[in-house]
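Residue-level structure breakdown
Here is how the chains run, residue by residue.
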Amino acid sequence: MDLILTFDTSDDAVFVELGTGEEMMTLFKGSKKLSKLYLGGSPTFSNNFRGCFTEVKTNGREAAYDELVNVVECAMEGCYENACQNTVNDYNDCVSNGPRYFSCKCGHNYVGSKCDVQWKRETPRFNGNSFLTFLNPDNTTNEDLIMSIVFKVTGKSGILFSTEPSDLHADYVNIGISRGRLYLSYELGAGSAFLKCPRRVDDGKWHFLHMTLRGRHAVLMVDRWTSEVMSPGQRNVLNVGPYLYLGGTPTEPGITGCVESLSVRDEPMTMSDTVASSNIDYCEDNVPESSIYKLKYRLK
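The following paragraphs examine the structure supplied in this document.

What counts as what
Residues numbered from 1 in each chain as written. Predicted model: local features only at pLDDT ≥ 70, side-chain atom pairs only at ≥ 80, totals over all residues. Heavy atoms only, no water. Helix = DSSP H or I, 4+ residues; strand = E, 2+ residues; numbered from the N terminus. Buried < 20%, exposed > 50% of the residue type's maximum accessible area, 1.4 Å probe, protein only. Polar contact = N/O pair within 3.5 Å; in protein donor to acceptor, adjacent residues only side chain to side chain. Disulfide = S-S within 2.5 Å. Phe/Tyr/Trp six-rings, centres within 6.5 Å; stacked < 30°, edge-to-face > 60°. Contact = heavy atoms within 4.5 Å. Pairing = 2+ DSSP bridges. Axes fitted to C-alpha atoms, helices over the stretch in contact; angles between N-to-C directions.

1. Some points on the side chain of histidine 207
- Following the sequence through the fold, histidine 207 ends up in strand β17 (residues 207-214).
- Since its relative accessible area comes to 7%, histidine 207 is described here as buried.
- One polar contact links histidine 207 to aspartate 203, side chain to side chain, over a distance of 2.9 Å.
- A distance of 3.4 Å separates the side chain of histidine 207 from the backbone oxygen of lysine 205, its partner in a polar contact.

This is how it looks when you write it as structure tokens:
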């Protein structure tokens, strides 16, 4: 963020605050005139600013600091050594989100903002910046993809399920939420196909989806609603990468909600099948035992 300030030296004191209410700069009056500039705080005014300053100039010249109090060299990334624990590749799986913030990509069976919590076999909750990564049960060339998910969401948008692109093909399958409605989008290399459920699912209630992709033909069922679509062209083989993402991806925002169960090609997936996760927490409840959506297996 660039900031340019112009002030009158006759002012007694000037304060500059961030939108969060954190005091970033204090201009303090000396004996006769406004003679001192404090960055990040001052001896007489409390604040909780944490961050970095670069290229500080006064009257067009580089600032010379008379005194440094509790100041260390700025790490321009939010990550620091051992910021994330139990990660897949140690330090490399800390993702910087600016000078103060970071997220962790957790290793197998660990969750939490710093990957410091071992999973307790509960239904996972996603916060919009979360995801689970699974190995594709069949990552070879396959014409068919069959999957089922029991989920509930409160957010109006986000990725629910996604395949990883392969190195040689642009094929993909995405299932997500847009404006509160669930959609299916996929491509086999000759153009995309799209299908959207007209009923809203962002009501915080449990819902069931079943998707079958056989060649170019896809059938999507959401609760009791069913529809189908055909992708263009003649290509009928889905070529995707070795990983599947649930609840979001490392590069795309995900759902805000919970997923109780997932099956791929009729094979139940559990938390034990995950290879990585990020920002996963525990869901506050599960599908009631009497629900028609209660499956024999759970994602836990």
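2. A short note on unusual backbone geometry
- Phi is positive for arginine 179, which is not a glycine, with a value near 55 degrees.
- On the accessibility criterion, arginine 179 (66% relative accessible area) is exposed.
- Within the chain, asparagine 279 stands out as a residue other than glycine whose phi angle is a positive 60 degrees.
- The topology assignment puts asparagine 279 in the loop between β23 (274-278) and β24 (281-282).

3. What to know about the state of the cysteines
- This structure, assessed with the given rule, holds two disulfides.
- The side chain of cysteine 84 participates in a disulfide bridge whose partner is cysteine 104; the two sulfur atoms lie 1.9 Å from each other. When the S-S torsion is -85 degrees, as for the bridge of cysteine 84 with cysteine 104, the disulfide is left-handed. With a gap of 20 residues between them, cysteine 84 in the loop between β5 (61-62) and β6 (94-96) and cysteine 104 in strand β7 (residues 102-104) connect regions that are remote in the sequence. Like cysteine 104, cysteine 84 is buried.
- Here cysteine 258 is linked by a disulfide to cysteine 283, with a sulfur-sulfur distance of 2.1 Å. With the S-S dihedral at roughly 95 degrees, the linkage between cysteine 258 and cysteine 283 falls on the right-handed side. In this pair, cysteine 258 is assigned in strand β21 (residues 256-264) and cysteine 283 in the segment after β24, connecting sequence segments 25 residues apart.

4. Focus: the packing of aromatic side chains
- With the rule as written, the count across this model stands at two aromatic pairs.
- Ring geometry for phenylalanine 131 and tyrosine 245: centres 6.2 Å apart, planes at 80 degrees, overall edge-to-face. In this pair, phenylalanine 131 sits in strand β11 (residues 131-135) while tyrosine 245 sits in strand β20 (residues 243-246), placing the two residues 114 residues apart along the sequence. With respect to burial, phenylalanine 131 and tyrosine 245 carry one shared label: buried.
- On the basis of an interplanar angle of 25 degrees and a centroid distance of 5.6 Å, the ring pair of tyrosine 183 and phenylalanine 194 is categorised as stacked. With tyrosine 183 in strand β15 (residues 181-187) and phenylalanine 194 in strand β16 (residues 192-200), this pair connects stretches of sequence that are eleven residues apart.

5. Focus: the environment of valine 264
- Checked against the element boundaries, valine 264 lands in strand β21.
- On a C-alpha basis, the gap between valine 264 and isoleucine 146 in space is 5.8 Å, while along the polypeptide they are 118 residues apart.
- Discounting residues that sit within four places of it in the chain, valine 264 has contacts with Pro137, Leu145, Ile146, Met147, Leu244 and Met269.

6. Structural notes on the sheet that holds β23
- Pairing is antiparallel in the open sheet, where seven strands are placed in the order β16-β15-β14-β13-β20-β11-β23. Two strands lie at the open edges of the sheet, namely β16 and β23, each paired on one side alone. Each strand axis lies, on average, 15 degrees off the axis of its neighbour in the sheet, ignoring direction.
- Pairing between strand β14 (residues 172-178) and β15: seven bridges, direction antiparallel. Of the residues in β15, the one forming a bridge with tyrosine 172 is glutamate 187.

Purely geometric numbers; function is a separate question.
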